[in-house]
Amino acid sequence: MLEDQIFCPACGTDTDHTLIKSGQENLVRCDDCGTVHPVEVKRVRLVNLKVIVNWDDRALPHFITIRANELLNVGDELLVDDPTKDVVMTQITSLETDRRVRSALAETVKTVWARATDEVPLRITVFRGGKSHPLKITVPGDELLEVGEKRRVENFQFIIVKIKLRGEGFADAAEAKNIVRVWGREI
Ligand SMILES: [Zn+2]
């Protein structure tokens, strides 16, 4: 059975239908009276959407084409495949319609703010001899970091002692894209 009800010319009302044949014109059968009739294929309406992609301190506008009725949510992953630029995997950080919202249909959205998650900056603070040294490296967004793990960055060799998450709180292990900062103790 098709998801949406369709107008049946014999019943004179919207009824459940079964798809008989799909093509430029779909052939459907009314589940109530059995009448087979063609229906126009519903065109998927698309909208162009501006996505400001943040990477570290830079913000670059991208444009994507997306289904008008696609529901966008803050926190969702969004593939930004700007045909004139690059393809970036991002996570939605903010949505603007006529105001900032947590969730909206694509057609009502004016601007999407997102952050790139395929490659992310990772901030690390390493304690060495009573002093803290801030470091910053670039890692794949899905790279897993764990408390207790040994790492080497520049000339620092350290063990990860703490991982602070983007959302809230701390974790024993997390993917780099979800991390605000990692603390390490030199070994
Ligand atoms: Zn019918």
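Keep in mind it's a predicted model, so treat the numbers as computed, not measured. (Residues numbered from 1 in each chain as written. Predicted model: local features only at pLDDT ≥ 70, side-chain atom pairs only at ≥ 80, totals over all residues.)

Undergrad: Account for the overall build of the chain, with residues named and values stated.
TA: Secondary structure summary: the chain contains zero helices and 20 strands in total. The principal-axis extent of the C-alpha atoms belonging to the chain is close to 85 × 30 × 30 Å. Here the chain holds 187 residues, and the buried ones make up 21% of them. The long-range share in the chain, meaning contacts at least 24 apart out of those at least 6 apart in sequence, stands at 40%. (Helix = DSSP H or I, 4+ residues; strand = E, 2+ residues; numbered from the N terminus. Buried ≥ 20, exposed ≤ 12 C-beta atoms within 10 Å, placed from the backbone. Contact = placed C-beta atoms within 7 Å.)

Undergrad: Just give me the short version of the domain arrangement of the chain, but keep the residues and values in it.
TA: Each domain of the chain was delimited in the assignment, giving domain 1 (6–40), domain 2 (46–116) and domain 3 (119–186). Each of domain 2 and domain 3 has a C-alpha centre, and the two are 28 Å apart. (Domains from an automatic or database assignment.)

Undergrad: Residues and numbers for the pairing of strand β17 (residues 150–153), please.
TA: Where β17 and strand β18 (residues 156–165) come together, four bridges link them in antiparallel fashion. If you follow Val153 over to β18, its bridge partner there is Phe156. Remark: two residues form the turn of the hairpin made by β17 and β18, two consecutive strands paired antiparallel; Glu154 in that turn has positive phi of roughly 50 degrees. (Pairing = 2+ DSSP bridges.)

Undergrad: Outline the pairing of strand β13 (residues 111–116), supporting the account with residue identities and numerical values.
TA: Of the strand pairs in this sheet, strand β6 (residues 46–55) and β13 are connected by five bridges, and their pairing is parallel. Within the sheet, the bridge partner assigned to Lys50 lies in β13 and is Thr111. Bridging between strand β10 (residues 87–96) and β13 involves six bridges; their strand directions are antiparallel. When the bridges of β13 are listed, Glu96 appears paired with Thr111.

Undergrad: I'd love a proper account of the sheet that holds β18, names of residues and values included.
TA: Judged by pairing direction, the sheet is mixed, and its five strands sit side by side in the order β15-β14-β20-β18-β17 without closing on themselves. On the outer flanks of this sheet lie β15 (131–140) and β17, each paired with one strand and no other. Each strand of the sheet is rotated relative to its neighbour by a mean of 40 degrees, with strand direction disregarded. (Axes fitted to C-alpha atoms, helices over the stretch in contact; angles between N-to-C directions.)

Undergrad: Tell me about the confidence of the model for the chain, residues and numbers included.
TA: Chain-level pLDDT for the chain is 91 on average; 99% of the residues reach the 70-or-more range. Looking at the elements of the chain, mean pLDDT is at its lowest for strand β5 (residues 36–40), recorded as 88, and at its highest for strand β16 (residues 144–146), recorded as 97. (pLDDT = per-residue confidence, 0-100.)

Undergrad: Hey, could you go over the nonpolar core for me, with residue numbers and the actual values?
TA: General note: in soluble globular proteins, nonpolar side chains tend to be found buried as a group. In terms of nonpolar packing, the biggest core is built from 17 residues, with Leu49, Val51, Leu72, Val80, Val109, Val112 and Ala114 touching the most fellow members. Put simply, the parts of the chain that give this core at least two residues each are β6, β7 (58–67), β9 (77–81), β10 and β13. Ignoring anything within four residues of it in the chain, the contact list for Leu49 reads Phe63, Ile64, Ile66, Ala106, Val109 and Val112. With twelve residues, the next largest nonpolar core counts Ile124, Leu145, Ile160 and Val182 among its residues. (Core = buried A, V, L, I, M, F, W, Y, C linked by C-beta atoms within 7 Å.)

Undergrad: Could you give me a rundown of the sheet that holds strand β4 (residues 25–30), with the residues and numbers involved?
TA: Judged by pairing direction, the sheet is antiparallel, and its three strands sit side by side in the order β3-β4-β5 without closing on themselves. Both edges of this open sheet fall to β3 (17–21) and β5, since each of them pairs with a single strand only. The sheet shows a mean angle of 45 degrees between the axes of neighbouring strands, direction not considered. Summarising the sheet, β4 and β5 pair through five bridges and their orientation is antiparallel. From the neighbouring strand, Arg29 faces β5, where its bridge partner is Val36.

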